[in-house]
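Each chain is listed here by its residues.
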2 protein chains.
Amino acid sequence: MPSEFELISRFFSRPTRQAVLGPGDDCALLAPSAGMHLVITTDMLVEGTHFLPGTDPWQLGWKVLAVSLSDLAAMGAEPRWALLAASLPEACEAWLAPFAEGLFSCAGRYGVDLVGGDTTRGPLNLSLTALGEVPAGTALRRDRALPGDDLWVSGQPGLAALGLAQLQGRTKLPAALAERCLAALQQPLPRVELGRLLRGLASAAIDVSDGLLADLGHILERSAVAAEVFVAQLPALPAGVDPVLARQCQLAGGDDYELLFSACPETRNEVVELGKQLDLPLWRCGRLTASDSHRLALLDANGRELTINRKGFDHFG
Amino acid sequence: MPSEFELISRFFSRPTRQAVLGPGDDCALLAPSAGMHLVITTDMLVEGTHFLPGTDPWQLGWKVLAVSLSDLAAMGAEPRWALLAASLPEACEAWLAPFAEGLFSCAGRYGVDLVGGDTTRGPLNLSLTALGEVPAGTALRRDRALPGDDLWVSGQPGLAALGLAQLQGRTKLPAALAERCLAALQQPLPRVELGRLLRGLASAAIDVSDGLLADLGHILERSAVAAEVFVAQLPALPAGVDPVLARQCQLAGGDDYELLFSACPETRNEVVELGKQLDLPLWRCGRLTASDSHRLALLDANGRELTINRKGFDHFG
């Protein structure tokens, strides 16, 4: 079996373009850009908790980086560097080769250098740290939403959770929809470009990783506001699927990696234009109100309040 | 059981002094210092691979940060920030509270801010990313050692491995020595001050995490030199322990977190003075020679070559 050092060298040491010193020393050396803040996040994916045993290694390699780039996107950052720590049950080349391909495909797509990491033996666990940069003072945060702001969400939240339901045999989707939902689950596209263009436009932002309502709850709490969500202004539920499940996935499903953001109503046209520019649907789906109760009200098309389990995904809940 | 967010908030969200934005958003925001390079490393500790089941949580909290600070020390960096991703079998407060205490004790001792992280459910796995800074162009690296340089090591390598042998019942150490070895294993002191003062003095450096000879091998490989190690100039083996085991631990034991470094012979007195200043023994234990064979020769007091299993700790070897 190849050694840890051979593994790192063979699969994870590719030339870096944005590092002073890449993999192979005790640490990586990076030269931060003048006038920028560093934006950093770490995420851990555990087999059986975040992904099913037997998940395709290429897709897993893509996703482990994509979910962290989504966090950078939610801050409006330019992705630049990443480090991967991986615990593996065995050093299996047939698994590592496609995993590395998926990882570097995502890195290449978003201009990220893998500058270091750690590999060890143990239950399958992938911990990725991603770093980006943002002009000082312009980062999108959760705690700057204001009463009166519109609430927006990108893309079609809920597809990833439907994909998971399909994989687990809890629903049977029409073939074309199944394919779309599985792609959303297995190869998410972090909204990096959207995040970058929302700088100076959005008042607050978060990525939808734990479910739309749960993640909205974080904005409400950190910004000390309340919200009304207009359920009828969310994207139409896909055809050919149980509407109760579809709505549940849309409001409380995890793993979407869309951006949920607030912006003042005066910029409404700018946001619409941005969506056209990116060819990405942006849905104005609610508004924030002045209350530090963090209350989240779901309203139907007639303004009547709906009830739903607003709980998102919480690993110890 | 408390939720993931409650856990993070209760145990891992302490005020930060060196962050623009600490825990609680999608990412942390940091302001790198002008003229400095960023130094970054990530390490993963897995129960059963890196520490024994039942390890004291306070000591584990200390160690998970200390081992990464040791990597920063080996680059000559000032430690500044850390992020912790943790997978836990259960959200047990009786474990988490002392773990967090140990972690923040180490952070406080070395001036580090915990600025973010991730907690999830799964087999016990701790992944820590540490960041430091070093004036641009002054970082210590593995690849700058030169033929003719002296080879030095700090402290007393081998104590941690003896501590592990004691814990595993493979040896029975005298009480005072056992205590010292267990402290070396369970609460290592990263050589941050030494690393900082070696800038401009050492030609290459590495921390001794995988064993003295194995880590020396990395310097030889990256610097394309060979080495002679003068075994008689290493610190005397401790009394009251099998000398074969003690020598094995000294040369090939892991987990020491001493610094191994090279420096040109003209600076020999400076290095000696540095050791006195820090009250830390520094042992001139070898020299580098001109050969790109990476050959490592162990010589006795008479210059005769010894043979020993030079293999260090390699997780897939």
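The rules behind the values
- Residues numbered from 1 in each chain as written.
- Chains lettered and ligands numbered in written order.
- Predicted model: local features only at pLDDT ≥ 70, side-chain atom pairs only at ≥ 80, totals over all residues.
- Heavy atoms only, no water.
- Helix = DSSP H or I, 4+ residues; strand = E, 2+ residues; numbered from the N terminus.
- Rg over C-alpha atoms; globule rule 2.2 N^0.38 Å.
- Buried < 20%, exposed > 50% of the residue type's maximum accessible area, 1.4 Å probe, protein only.
- Contact = heavy atoms within 4.5 Å.
- Expected span 1.5 Å × (residues − 1).
- Least-squares fit on C-alpha atoms with pLDDT ≥ 70 in both.
- Salt bridge = Lys/Arg side-chain N within 4 Å of Asp/Glu carboxyl O.
- Pairing = 2+ DSSP bridges.
- Axes fitted to C-alpha atoms, helices over the stretch in contact; angles between N-to-C directions.
- Core = buried A, V, L, I, M, F, W, Y, C linked by side-chain atoms within 4.5 Å.
- UniProt positions renumbered as here; feature names shortened; annotations may be inferred.
- Phe/Tyr/Trp six-rings, centres within 6.5 Å; stacked < 30°, edge-to-face > 60°.
- Lys NZ or Arg CZ within 6 Å of the ring centre and 35° of its normal.
- Arc of directions from axis to C-beta.
- Domains from an automatic or database assignment.
- Buried area = accessible area lost by both parts, 1.4 Å probe.

Student: Describe the overall build of chain A, and please don't skip the residues or the numbers.
Tutor: Scanning chain A from N- to C-terminus turns up nine helices and 12 strands. The C-alpha atoms of chain A give 20 Å as radius of gyration, which agrees with the globular expectation for 317 residues (20 Å, within 12%). Oriented by its inertia axes, the alpha-carbon framework of chain A measures out at about 65 × 50 × 35 Å. Burial analysis of chain A (317 residues in total) assigns 58% to the buried set. Of all intrachain contacts in chain A linking residues separated by at least 6 positions in sequence, the fraction that spans at least 24 positions is 86%.

Student: Break down unusual backbone geometry for me, with residues and values.
Tutor: Here A:Asp279, not a glycine, exhibits a phi torsion of approximately 55 degrees, which is positive. Tracing the chain through its elements places A:Asp279 in the loop between α9 (268-278) and β10 (282-289).

Student: Mind laying out the environment of B:Ala97, listing which residues take part and the relevant values?
Tutor: Residues and elements named next belong to chain B. With respect to the secondary-structure elements, Ala97 resides in helix α3 (residues 93-110). Given a relative accessible area of 32%, Ala97 falls into the partly exposed group. In the structure, Ala97 is positioned 93 residues away from Pro190 in sequence and 23 Å away in space, judged by C-alpha atoms.

Student: Pulling in residues and values, what's your account of α3(B)?
Tutor: Between the first and last C-alpha of α3(B) there are 26 Å, a value that for 18 residues agrees with the 26 Å anticipated at 1.5 Å per step. Those residues of α3(B) that fall on the buried side of the exposure criterion are B:Trp95, B:Leu96, B:Phe99, B:Ala100, B:Gly102, B:Leu103, B:Phe104, B:Cys106, B:Ala107 and B:Tyr110.

Student: I'd like to hear about the relation of the copies chain A and chain B, residue by residue, with values.
Tutor: For the match of chain A to chain B, the screw axis carries a shift of 0.0 Å, the RMSD comes to 0.0 Å, and the turn is 180 degrees. Considering both components of the superposition, the chain copies are consistent with a two-fold axis.

Student: How would you explain the pattern of salt bridges if you had to name every residue and give the values?
Tutor: Residues and elements named next belong to chain A. Going through the model one piece at a time under the given rule, you end up with 34 salt bridges over all chains. Among the salt bridges present, the one from Glu228 reaches Arg287, with a minimum N-O distance of 3.1 Å. In this pair, Glu228 is assigned in strand β8 (residues 226-230) and Arg287 in strand β10, connecting sequence segments 59 residues apart. For Arg287, a relative accessible area of 38% translates into the label partly exposed.

Student: Account for the sheet that holds strand β11 (residues 296-299) of chain A, with residues named and values stated.
Tutor: The strands that make up a sheet are held in pairs by hydrogen bonds between backbone atoms, and each pair lies either parallel or antiparallel. All names here are of chain A. With respect to topology, seven strands assemble into an open sheet ordered β7-β9-β6-β10-β8-β11-β12, the strand pairing being mixed. Looking at which strands have only one partner, the edges of the open sheet turn out to be β7 (204-207) and β12 (305-306). In terms of strand pairing, β8 meets β10 through four bridges, oriented antiparallel. When the bridges of β10 are listed, Val229 appears paired with Gly286. Sitting on the sheet, helix α7 (residues 212-223) touches β6 (150-154), β7, β8, β9 (259-263), β10 and β11, and the angle it makes with β7 is about 145 degrees.

Student: Lay out the pairing of strand β8 (residues 226-230) of chain B with the relevant residues and their values.
Tutor: Residue and element names in this part refer to chain B. Summarising burial for β8: four of the five residues are buried, a large majority. Alignment of β8 against strand β11 (residues 296-299), held across four bridges, turns out to be parallel. Its bridge partner being in β11, Ala227 is matched across the sheet by Leu296.

Student: So what's going on with the nonpolar core? Which residues, and what values?
Tutor: Membership of the largest hydrophobic core comes to 44 residues, with the highest contact counts inside it found for A:Phe12, A:Leu69 and A:Leu84. Ignoring any residue separated from it by four or fewer positions in sequence, one finds A:Leu69 in contact with A:Pro79, A:Cys106, A:Tyr110, A:Val112, A:Ala130, A:Pro190 and A:Val192. The next biggest cluster of nonpolar side chains, apart from the first, holds 42 residues, and it includes B:Ala82, B:Ala86, B:Leu88 and B:Leu126.

Student: Break down the UniProt feature "binding site: substrate" (unreviewed entry) in chain A for me, citing the residues and quoting the values.
Tutor: Residues and elements named next belong to chain A. UniProt marks His50, Asp255 and Phe313 with the feature "binding site: substrate" (unreviewed entry), using the numbering shown here. Mapping Asp255 onto the fold places it in the loop between α8 (243-252) and β9. Leave out the neighbours within four places in its chain, and Asp255 touches Lys63, Ala160, Ala184, Leu185, Val208 and Ser209.

Student: Would you mind going over the packing of aromatic side chains in detail, with residue names and values included?
Tutor: All names here are of chain A. One pass over the structure, following the stated rule, counts 10 aromatic pairs over all chains. A centroid spacing of 6.5 Å and a plane angle of 65 degrees characterise the contact between Trp62 and Tyr110, whose relative ring orientation is edge-to-face. Of this pair, Trp62 sits in helix α2 (residues 57-74) while Tyr110 is found in helix α3 (residues 93-110), placing the two residues 48 residues apart along the sequence. Both residues of the pair, Trp62 and Tyr110, belong to the buried class. With 4.9 Å between their ring centres and 15 degrees between their planes, Trp95 and Phe99 make a pair best called stacked. Of this pair, Trp95 and Phe99 both sit in helix α3, separated by four residues, roughly a single helical turn. We classify Phe99 as buried; its relative accessible area is 1%. Here the aromatic cluster, defined as three or more aromatic residues joined through ring pairs, consists of Phe12, Trp95 and Phe99. Over the face of the ring belonging to Tyr110 we find Arg109, whose NZ or CZ atom lies 4.3 Å from the ring centre.

Student: Quick one: what's the story with α9(A), residue by residue and with numbers?
Tutor: All names here are of chain A. Every buried residue belonging to α9 is among Val271, Leu274 and Gly275, and all of these are buried. One side of α9 holds all its buried residues, which, seen down the axis, span an arc of 100 degrees. More than 90 degrees from the buried face of α9, the exposed residues found are Asn269, Lys276 and Gln277. At the exit of α9 stands Asp279, carrying a positive phi of roughly 55 degrees.

Student: Pulling in residues and values, what's your account of the domain arrangement of chain A?
Tutor: All names here are of chain A. Its domain assignment divides chain A into domain 1 (4-135) and domain 2 (150-306). On a C-alpha basis, the centroid separation for the pair domain 1 and domain 2 is 27 Å. Each partner contributes to the interface: domain 1 provides 19 residues, whereas domain 2 provides 20 residues. With both sides pooled, the region where domain 1 packs onto domain 2 buries about 1700 Å², and carbon together with sulfur makes up 57% of that total.

Student: Please give an account of the side chain of A:Lys63 that cites residues and values.
Tutor: All names here are of chain A. Relative to the helices and strands, Lys63 resides in helix α2. Using a relative accessible area of 9% as the deciding quantity, one classes Lys63 as buried. With residues up to four places along the chain from it excluded, the contact list for Lys63 reads Leu185, Gln186, Pro188, Asp255 and Tyr257.

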